[in-house]
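Per-entry structural report
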Amino acid sequence: MLYRASSLAKSFARNASSNTFRRLASTKSLKETLQEVIPPKQEQLKRLKAEHSQDVVGEVKVENILGGMRGLKAMLWEASVLDPNEGIRFHGLTIPDCQKALPPAPGGKEMTAESMLWLLLTGQVPTPEQSHQLSAELAEKGELPPFVEKLIDSLPRTLHPMTQLGMGVAALNHDSVFQLAYERGIKKAEYWTYALEDCLNLIAKLPALAARIYRNVYHPEQSIEPIDKNMDLVGNYSRMLGFGDNEHLTEYLRLYIALHGDHEGGNASAHTAHLVGSTLSDPYISYSAALFALAGPLHGLANQEVLRWQMAMQKEIGDNITHDNIKEYLWKTLKSGQVVPGYGHGVLRNPDPRFIALQEFCKTRPDLQASSIIQLVQQTAEIAPDVLKEHGKTKNPYPNVDATSGCVLYHYGLTEFKYYTVIFGVSRALGALTQLVWARALGLPLERPKSYSMDALEKLIKK
């Protein structure tokens, strides 16, 4: 098995039922912690190569080659593993485990992006002090260089926000410490330290970059709040977007960004970052490529498609929302040749735990429970699985995270659909950039799978 959870993560998983988690009492920095956890992983990789390099872990069928390599066991990805039935685990921890164990922002209840980043990078749950220390470090690094501000300000407002985000991230490559060190000449064993510095710098700057794009495109008349060095990453992001006084949206964004941070390595954006990173492109170039993969309609645009569909349903049904009306609209969608957005998943075969976590968030907020669009989402989730089962053309008839994520943003006043994928892009950096650090620490090679033409494939089959 390519992935092994750390003994600490296994301990957390065993204790999940009792809601008790052992948090290491430490004030070590993120880099110091990584310096401790990397050598055992390097030894584990050496052992796997020496003892199991010829072991078979799966088979390749023609359907895998023709079907987008779906389901192939072909990547090493340390931070998370996606089980078709259980859903995502981050170093062995489920989403409920993370919600209980990972430190929130001061005064908040939801886990922060910093605490999730620490877990993804180290396999350990940070102490509140470590999480807050990382928040302070990222806040210090968070301001954009003037040339990137000028670049973003010069772009037409009609240019898609995701295109602007990818351009801005690529431009930050100007200050890449990894690229500079590589050109100077460094040992392979040191690659990860420079990759880590780039990754932290990029994560720190993403909120300011994403917020500047939002303000330029949708609210050019409003100024952007400066970074508050005492706030967490998402708290500052919410302020710079102009929603700093909306505590509910800020808490939702904390949960949203932590939950979307990683979903193992096979999805299009994560895999793109890994592939480009395997060429030893610096993290800025690698993640800008990932963002352009995320911008595709089959990947990161899904939550806005859900919202459009739910609002069209709401407009057609009106105030008379019944199970029969929702069922009828679902069948109308399917019979028109369209898919029901927000349902099904390439890997999952049960309801998405991320969807469940966001629904639980909604249940704790009376304003969300009173929202007509949130009510419609909840009722649709009760009815759609049976309709999709009857339709018989989906392997997973259950809601995924996109079925509700955009609708909550809309309720809280962030109504610009095209921007939603930018928030996803801020989030997905946590996992994709984490893996770039580990890829350099483990010395993973250039990715180079074998391809076949259809004629060559037919010859291979006949042998």
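Above this text you will find the structure in question.
Below is a summary of the structure that appears in this document. (Residues numbered from 1 in each chain as written. Predicted model: local features only at pLDDT ≥ 70, side-chain atom pairs only at ≥ 80, totals over all residues. Heavy atoms only, no water.)

1. Side note on the packing of aromatic side chains
According to the stated counting rule, one finds eleven aromatic pairs in the structure shown. Aromatic pair tyrosine 218 and tyrosine 419: ring centres 6.5 Å apart, planes at 90°, arrangement edge-to-face. Within this pair, whereas tyrosine 218 is found in helix 10 (residues 191-218), its partner tyrosine 419 is found in the loop between helix 20 (402-411) and helix 21 (420-441), the two being separated by 201 residues in sequence. Taking the relative accessible area as the measure of exposure, tyrosine 218 reaches 23% and is therefore partly exposed. (Phe/Tyr/Trp six-rings, centres within 6.5 Å; stacked < 30°, edge-to-face > 60°. Helix = DSSP H or I, 4+ residues; strand = E, 2+ residues; numbered from the N terminus. Buried < 20%, exposed > 50% of the residue type's maximum accessible area, 1.4 Å probe, protein only.)

2. A short note on the packing of helix 14 (residues 283-294) against helix 21
Relative to each other, helix 14 and helix 21 sit at 135°, their axes nearing to 10 Å. One way to sum up the angle between helix 14 and helix 21 is to call them oblique. In the packing of helix 14 onto helix 21, the handedness of the crossing is right-handed. Taken together, the residues of helix 21 that come into contact with helix 14 (itself represented by Pro283, Ser286, Tyr287, Leu291 and Leu294) are Thr421, Phe424, Gly425, Arg428, Ala429, Ala432, Leu433 and Leu436. A per-class count over the contact of helix 14 with helix 21 returns nine nonpolar, three polar and one charged. (Axes fitted to C-alpha atoms, helices over the stretch in contact; angles between N-to-C directions. Parallel < 35°, antiparallel > 145°, perpendicular 65-115°, else oblique. Left-handed = near helix turned anticlockwise from the far one by under 90°. Contact = heavy atoms within 4.5 Å. Nonpolar A, V, L, I, M, F, W, Y, C, P; charged D, E, K, R; others polar.)

3. Describing the state of the cysteines
Tallied over the full model, the rule gives zero disulfides. Not part of a disulfide, cysteine 98 finds its nearest cysteine sulfur in cysteine 362, a span of 19 Å. (Disulfide = S-S within 2.5 Å.)

4. Focus on the pairing of strand 1 (residues 80-83)
Burial of the side chains of strand 1 is restricted to one face: Ser80 and Leu82 are buried, whereas none of Val81 and Asp83 on the reverse face is. Bridging between strand 1 and strand 2 (residues 87-90) involves four bridges; their strand directions are antiparallel. Bridged to serine 80 within strand 2 is phenylalanine 90. Hairpin connection from strand 1 to strand 2: three residues lie between these consecutive antiparallel strands. (Pairing = 2+ DSSP bridges.)

5. Comments concerning the environment of threonine 394
Locating threonine 394 in the fold gives a position in the loop between helix 19 (372-391) and helix 20. Residues threonine 394 and leucine 253, spaced 141 residues apart in sequence, show a C-alpha to C-alpha distance of 30 Å. When residues no more than four places from it in sequence are discounted, the contact partners of threonine 394 are Gly344 and Leu388. A polar contact is formed between the side chain of threonine 394 and the backbone oxygen of asparagine 396, at a distance of 3.1 Å. (Polar contact = N/O pair within 3.5 Å; in protein donor to acceptor, adjacent residues only side chain to side chain.)

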